[in-house]
Amino acid sequence: MAGTGDVIYLYDGTLEGMLCCIWTAFEQKENPIGIWCFDEEQPTLYRLRQVDTDPVLAARVQTGVRRRLGALAEQWVYDAFYSALEQRELAALEFLKLGFAKGPGVTSMVGHPQVAPLFAASRALHNEVHLLSGFIRFSDHDGALVSVIRPKNFVLPFLEPHFSRRFPYEKYMIYDETHRYALVAAGGQSRLVETEAVQLPPPDAVELQYRALWKQFYNTVEITARHNPKCRMTHVPKRYWACMDELRGEKKPLPVSVRQAIAAGELTLPDTDPASTITTPTQASLENARRAALPAE
Amino acid sequence: MDTMEKLTILADSAKYDVACTSSGVDRADAKSKGGMGSAVACGICHTFSADGRCVSLLKVLLTNICAYDCSYCVNRRSNDVPRAAFTPRELADLTIGFYRRNYIEGLFLSSAVLISPDHTTQLMIKALELLRFEYGFRGYIHAKAIPGTDPLLLQQLGTLADRMSVNIELPSAESLGRLAPDKTKDAILKPMGQITRGIAQNSRELVQYRHAPKFVPAGQSTQMIVGASPESDHRILQLTEGLYRKYELKRVFFSAYVPVVESTLLPSTDTKPPLLREHRLYQADWLLRFYHFSADEILSEAAPNFNPYLDPKCNWAIHNMHLFPIEVSTADYEMLLRVPGIGPKSAKRIVACRRGAPLSFEGLKKMGVVLKRAQYFILCRGQTLAGLHFSPESTVRALVDPTAFTLGVEQTSMFDVPDQTRLNAEEAVKWLAQAM
Ligand code: SF4
């Protein structure tokens, strides 16, 4: 698409708003160099265009994408919005520009620079959702289940179906500290609420007892003859540990070379947590670990 | 004794059991008012233990008080260990408490033989009834069937559980006789047969009446201990193949024997668990289930044990070089599956794509073929991959399995360790190339 490129879009930060920005870019034949939320607005020399959110237009974009590019493309645009991808709105726009030029085949062009970011963002998002559906921990506060998480992606809408199936008659809340949103569900109904912080009463005796039982169970099931902390690291990225009762306070294992050096007295460690200098596994290393778990083809 | 102590004892005795997949059933939500839970088809791991294994189920014994005396087992009657038993109520409460906090996906319930198989099974049924009916729990339950249990009780247990298993324990009747004198092959196979028939009958009933109660909807599995008795890998694999055929099992699990007891009948307690061997068995099991291999193709009387340096498929390939290279444009699906570097997914893609357009090496790569390995075994429209340097050594080098050097090759077979199995990677390549 030819067109001017010296403009920045401002929108309200909703999914509908993002779809309206996309509609506007096509309509005005513009190549915005940024799509910002109102609250991200910074002083700039570029022209600013405020894009109003119109649900009807947004729905038209959505159906258009589904009809012309298929459900997968629609899903990727949707996922991108909830992902942690930098400049996700622009990435979605780039993807759709290519998509409308190439047709439904665009979803198999996963190596293309206008497709790869969305593909990767969608995978990272769903991977995090999958991990969290297991790693989330609830505490029982007077019969209501409460969990606090710190995800990279905006995972709550994706966790909702899973936990509503799991707890159809429970009251539960998952608070996302990163994005400051809470998923609140009761009596089979659920909604998302913007919340600055949650105040929780301290856990009661029964709650503490269950946590202790769980921790004990966790420590008991390890078969020491098969001890393999590195393998655990690849499965449970360190950033989830703080939310998991059984892993809180555990240290990352040091690499063998470092341990040997310490044993031989060649190396002493500073007082800081040595674990924090080791990087958490990347998407790629998780993939590799998963592949390694399967027999070679 | 409080719950904490009981849990410690009963989780500790259950942990050597390997079957821990919570998958295989995708059940609707809890419909009964006040119920809870769903069973999700793809397994969810709730945490990973420090040995790197996925923890998704509360895996415990109902009790470790045992009337039997199997010599490889910590809970055998004659062993002096702390004993405990959950009441059905305690167990149900614990399961629900863990499930609500999202610690677990469900329950894996096994038990030692308290008084008799029937008595134990009745207690298990009681616990599961509390879970299913009083708490309305719809999460996943795997229950162990105890050999020698009355068929009616077994039937009852099967309508409460998602998956059942009977441990085959050891890979031969002789080993059973020697190490587990209270168990016989027949006593183990009888409930297995009953469950198989029950599942078959249930699926007929479900066709006729949609609301017929489900019997073991996630199917049946079994497990055996590897490395406590002298059977060859070939023998174990033949047994595995037979179990899949005869009992339509969903999975056969292998458990590397961790020496927990001092006994003249068993490997000494400083023996390392044969992890590489266990790994090879799972790879071979994969070949049986998804690659159309038979046990006798993978191993033979002449070569009864796995090659420590090669996974079983690569090992088969280098011993059948006369069948290669194959032409990918025409080879049938079964033959494509035999090429190192081609799996079921890429083989299916090849078959689908070659109808439309001619294949190329570049295209094969995109379909997921691992050319690094496959290049030595395939032709594409009559050509080998440009620049291919074929020699036994280069072939073998591309195939050698790095796991051999991380898990330790000396563990492949406990009873005969040929000297050539303690090589480094380069020596291994030479040795394998010579054998080709
Ligand atoms: S029956 Fe044998 S294997 Fe089972 S708990 Fe008793 S002694 Fe152990």
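As the structure is a prediction and not an experimental result, all values here were calculated from the model.

## Examining the sheet that holds strand 4 (residues 139-141) of chain A
All names here are of chain A.
- The strand order across the open sheet formed by five strands is 4-5-6-7-8, and the pairing between neighbours is mixed. The outermost strands of the open sheet, each flanked by one partner alone, are strand 4 and strand 8 (189-194). Sheet twist, expressed as the mean angle between neighbouring strand axes with direction ignored, is 20°.
- When strand 5 (residues 144-149) meets strand 6 (residues 171-176), the two strands line up parallel, connected through six bridges.

## Some points on empty space enclosed by the protein
All names here are of chain A.
- What the rule picks out here adds up to four cavities of 30 Å³ or more.
- In this model, the second largest cavity occupies a volume close to 80 Å³.
- Going through the elements one at a time, helix 1 (15-28), helix 2 (55-69) and helix 3 (71-82) are the ones with two or more residues in the lining of the second largest cavity.
- Its residues assigned to classes, the lining of the second largest cavity comprises seven nonpolar, one polar and one charged.

## Observations concerning the site of the ligand
- In the vicinity of the ligand, the contacting residues are C66(B), Y68(B), C70(B), C73(B), N75(B), R76(B), A112(B), V113(B) and K183(B).
- Tallied by class, residues from the shell around the ligand come to six nonpolar, one polar and two charged.

## Describing the side chain of E327(B)
Residues and elements named next belong to chain B.
- Note on placement: E327 falls in strand 9 (residues 326-327).
- Buried E327, no salt bridge; nearest opposite-charge side chain is R381, N-O distance 6.9 Å.
- A polar contact of 2.8 Å, which involves the side chain of E327, links it to the backbone nitrogen of R381.
- Engagement of the side chain of E327 in a polar contact is seen with the backbone nitrogen of G382, the distance being 2.8 Å.
- Residues in contact with E327, not counting those within four places in the same chain, are L379, C380, R381 and G382.

## With respect to the nonpolar core
- With 184 residues, the main nonpolar core has F217(A), L7(B), V60(B) and F98(B) as its most contacted residues.
- Apart from the residues lying within four places of it in its own chain, the contact partners of L7(B) are L213(A), F217(A), D12(B), L58(B), V60(B), F86(B), L94(B) and F98(B).

## Comments concerning the confidence of the model for chain A
All names here are of chain A.
- When the pLDDT values of chain A are averaged, the result is 80; 77% of them are 70 or greater.
- Ranking the elements of chain A by mean pLDDT puts helix 10 (residues 283-292) last with 40 and helix 3 first with 94.
- Across residues 251-258, confidence stays below pLDDT 50; counting only partners more than four residues off in sequence or on other chains, it has 19 contacts.
- In the predicted structure, residues 267-297 sits below a pLDDT of 50 and forms 44 contacts with residues beyond four places in sequence or in another chain.

## Quick word on the environment of I146(B)
Residues and elements named next belong to chain B.
- Looking at the secondary structure, you find I146 in the loop between strand 5 (140-144) and helix 4 (151-160).
- Since its relative accessible area comes to 6%, I146 is described here as buried.
- Sequence separation between I146 and T121 is 25 residues; the distance between their C-alpha atoms is 7.3 Å.
- Excluding anything up to four places from it in sequence, I146 contacts S111, A112, V113, P117, T120, T121 and M124.

## Comments concerning helix 5 (residues 116-135) of chain A
- The terminal C-alpha atoms of helix 5 of chain A, which comprises 20 residues, lie 28 Å apart, in line with the 28 Å expected from a rise of 1.5 Å per residue.
- What helix 5 of chain A keeps buried is the set L118(A), A121(A), S122(A), L125(A), N127(A), E128(A), V129(A), L131(A), L132(A), S133(A), G134(A) and F135(A).

## Here's the deal with the pattern of salt bridges
Residue and element names in this part refer to chain A.
- What the rule picks out here adds up to 24 salt bridges over all chains.
- In this structure, R47 engages E30 in a salt bridge whose closest nitrogen and oxygen atoms are separated by 3.2 Å. You can see R47 sitting in strand 3 (residues 47-50) and its partner E30 sitting in the loop between helix 1 and strand 2 (34-37), a full 17 residues away along the chain.
- Judged by relative accessible area, which is 38%, R47 ranks as partly exposed.
- By relative accessible area, which is 4% here, E30 ends up buried.
- The partner of E177 in a salt bridge is R150, and the shortest N-O contact between them spans 2.7 Å. With a gap of 27 residues between them, E177 in the loop between strand 6 and strand 7 (181-186) and R150 in the loop between strand 5 and helix 6 (156-166) connect regions that are remote in the sequence.

Procedures and definitions
Here the residue index of a chain counts from 1 through its sequence in written order. The naming scheme follows written order: chains are lettered A onward, ligands numbered 1 onward. Local features in this predicted model are restricted to residues of pLDDT 70 or higher, and side-chain atom pairs are both shown and tallied only at a pLDDT of 80 or more, whereas totals for entire chains, interfaces and linings draw on every residue. Side-chain measures here rest on the full set of heavy atoms in the structure, leaving out hydrogens and waters. Two strands form a pair only when DSSP identifies at least two bridges running between them. The helix count covers DSSP runs of H or I at least four residues long, the strand count covers runs of E at least two residues long, and both are numbered beginning at the N terminus. Axis definition: a line fit to C-alpha positions, over the contact stretch in the case of helices; interaxial angles, taken between N-to-C directions, run 0 to 180 degrees. Method remark: on a 1 Å grid restricted to protein atoms, a set of points is classed as a cavity if a 1.4 Å probe fits but cannot get out and as a pocket if it is open with protein on both sides within 12 Å along at least five of seven lines; lining residues have an atom within 4 Å of a point. Grid points are joined across faces, edges and corners, and a volume is the space filled by probe spheres set on the points. Gly falls in the polar group here, along with every residue not listed as nonpolar (Ala, Val, Leu, Ile, Met, Phe, Trp, Tyr, Cys, Pro) or charged (Asp, Glu, Lys, Arg). We define proximity as follows: a residue is near a molecule or strand when any one of its heavy atoms falls within 4 Å of that partner. Residue exposure (1.4 Å probe, protein chains only): buried if accessible area is under 20% of the type maximum, exposed if over 50%, otherwise partly exposed. The convention is simple: Lys and Arg are positive, Asp and Glu are negative, and His and the chain ends are not counted. Definition used for salt bridges: Asp or Glu carboxyl oxygen within 4 Å of a side-chain nitrogen of Lys or Arg. Whenever two N or O atoms come within 3.5 Å, that pair is a polar contact, provided that in protein one can donate a hydrogen and the other can accept it, and provided that, for residues adjacent in sequence, both atoms are side-chain atoms. The contact criterion used is simple: two residues touch if any of their non-hydrogen atoms lie within 4.5 Å. The term nonpolar core refers to a set of buried residues drawn from Ala, Val, Leu, Ile, Met, Phe, Trp, Tyr and Cys, joined through side-chain atoms within 4.5 Å. One number per residue, pLDDT, summarises how confident the predictor is, and it ranges from 0 to 100. To estimate the expected span of a helix, count its residues, drop one, and scale the result by 1.5 Å.

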